[in-house]
Amino acid sequence: AQKITQTQPGMFVQEKEAVTLDCTYDTSDQSYGLFWYKQPSSGEMIFLIYQGSYDEQNATEGRYSLNFQKARKSANLVISASQLGDSAMYFCAMREAYFGKLIFGTGTRLQVFP
Amino acid sequence: DVKVTQSSRYLVKRTGEKVFLECVQDMDHENMFWYRQDPGLGLRLIYFSYDVKMKEKGDIPEGYSVSREKKERFSLILESASTNQTSMYLCASRGDRGPNTEAFFGQGTRLTVV
């Protein structure tokens, strides 16, 4: 069965520092996609970044980058130069190739302090 | 602007009632999903649909059913609500326009069963 694991329930980081949020996944599919979402206290889900299983380059979107290590089945999110507004829950998700089923991890609560 | 709309933001129902949660998207998306979100458990997939009248069980379908009679609408039904179904319910939709197409979420329905 497919599974997403986020082992860090909570993380703290000082403003302007970089932080890595861990995500490992389990799938027997060859083709799949990995996503990261941010959920601020307002509750909305905000898409951050995507990595395809066949993409050779790590994805980047502004201050967000995805450290994709396929052999280790990990897809860690790196946030550079953290801002106070980055304080939120962060979810890693995986889309399977066949039906497009989308499953999520348990999330990591990031708190950025001044 | 893309939109996924859930019919209620807050709902209070009695044990044993039949409950309908409605979700409508205006993006002509093929795929729609229902999740429940609980602290420490992340987003857990209840059901998803990849086409009209098509549905697939997610990880926690027990006690729930779904209906998708029209492409834009995906309903979650609690046949006989129980207190352990008190949760935040999130609907999402996703198109088939490419592997990197992200899912869009509704604002969530906080259901309390008393």
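Check the entry above for the structure.
Within each chain, residue numbers correspond to sequence positions counted from 1 in written order. All chains are assigned letters beginning at A, and all ligands numbers beginning at 1, according to the order in which they are written. Owing to the predicted nature of the model, reporting of local features is limited to residues with pLDDT of at least 70; listing and counting of side-chain atom pairs is limited to 80 or more, with chain, interface and lining totals taken over all residues. Side-chain numbers here rest on the full set of heavy atoms in the structure, without hydrogens or water.

Quick notes on the packing of aromatic side chains
Okay, step 1: Classification of ring pairs rests on two measures: the distance between centres of Phe, Tyr or Trp rings, Trp counted by its six-membered ring, which must be within 6.5 Å, and the angle between planes, read as stacked under 30 degrees, edge-to-face over 60 and tilted in between. Under the criterion given, the structure shown has 14 aromatic pairs over all chains.
Okay, step 2: With 6.1 Å between their ring centres and 25° between their planes, F33 of chain B and Y35 of chain B make a pair best called stacked. Each member of the pair, F33 of chain B together with Y35 of chain B, is buried.
Okay, step 3: Grouped by ring-pair contacts, the aromatic residues F35, Y37, F47, Y50, F91 and F104 of chain A together with F33, Y35, F48 and F105 of chain B constitute a single cluster. A 1.4 Å probe rolled over the protein chains alone gives each residue an accessible area, and that area as a share of the maximum for its type sets the label: buried under 20%, exposed over 50%, partly exposed in between.

Details of the interface of chain A and chain B
Okay, step 1: Contacts: residue pairs with any heavy atoms within 4.5 Å of one another. Taken together, the contacts link 17 residues of chain A with 22 residues of chain B.
Okay, step 2: Buried area: the sum, over both parts, of the accessible surface (1.4 Å probe) that disappears when the two are put together. Ranking the residues of chain A by area buried against chain B places F99, K101 and L102 of chain A at the top, with a combined share of 32%.
Okay, step 3: Salt bridge, as applied in this entry: a Lys or Arg side-chain nitrogen positioned within 4 Å of an Asp or Glu carboxyl oxygen. Taken together, chain A and chain B are joined by one salt bridge.
Okay, step 4: In this structure, D59 of chain B and K101 of chain A form a salt bridge, with 3.8 Å as the shortest nitrogen-oxygen distance.
Okay, step 5: Each helix corresponds to a stretch of at least 4 residues labelled H or I by DSSP, and each strand to a stretch of at least 2 residues labelled E; elements are numbered beginning at the N terminus. Listing elements by their share of the side of chain A that touches chain B, those giving two or more residues are strand 5 (32-39), strand 6 (46-52), strand 10 (88-96) and strand 11 (102-104) of chain A.

Considering the sheet that holds strand 8 (residues 73-78) of chain B
Residues and elements named next belong to chain B.
Okay, step 1: Judged by pairing direction, the sheet is antiparallel, and its four strands sit side by side in the order 1-3-8-7 without closing on themselves. Two strands in the sheet have a free side with no partner beyond their single neighbour: strand 1 (4-6) and strand 7 (64-70). Adjacent strand axes in the sheet meet at a mean angle of 20°, parallel and antiparallel pairs treated alike. At least two DSSP bridges between two strands are needed for those strands to be called paired. Here an axis means a line fitted to C-alpha atoms, over the contact stretch when the element is a helix, while the angle between two N-to-C directions is reported on a 0 to 180 degree scale.

Some thoughts on the nonpolar core
Proteins that are soluble and globular tend to have nonpolar side chains buried together.
Okay, step 1: By size, the foremost hydrophobic cluster in this structure holds 44 residues, and its most contacted members are W36, L77, Y90 and F104 of chain A together with Y35 and F105 of chain B.
Okay, step 2: Considering each element in turn, this core owes the most residues, seven residues, to strand 10 of chain A.
Okay, step 3: Buried Ala, Val, Leu, Ile, Met, Phe, Trp, Tyr and Cys residues that are joined via side-chain atoms within 4.5 Å together make up what is termed a nonpolar core. Core analysis: the next-biggest nonpolar cluster, separate from the first, contains 21 residues, V19, Y64, A81 and Y89 of chain B among them.

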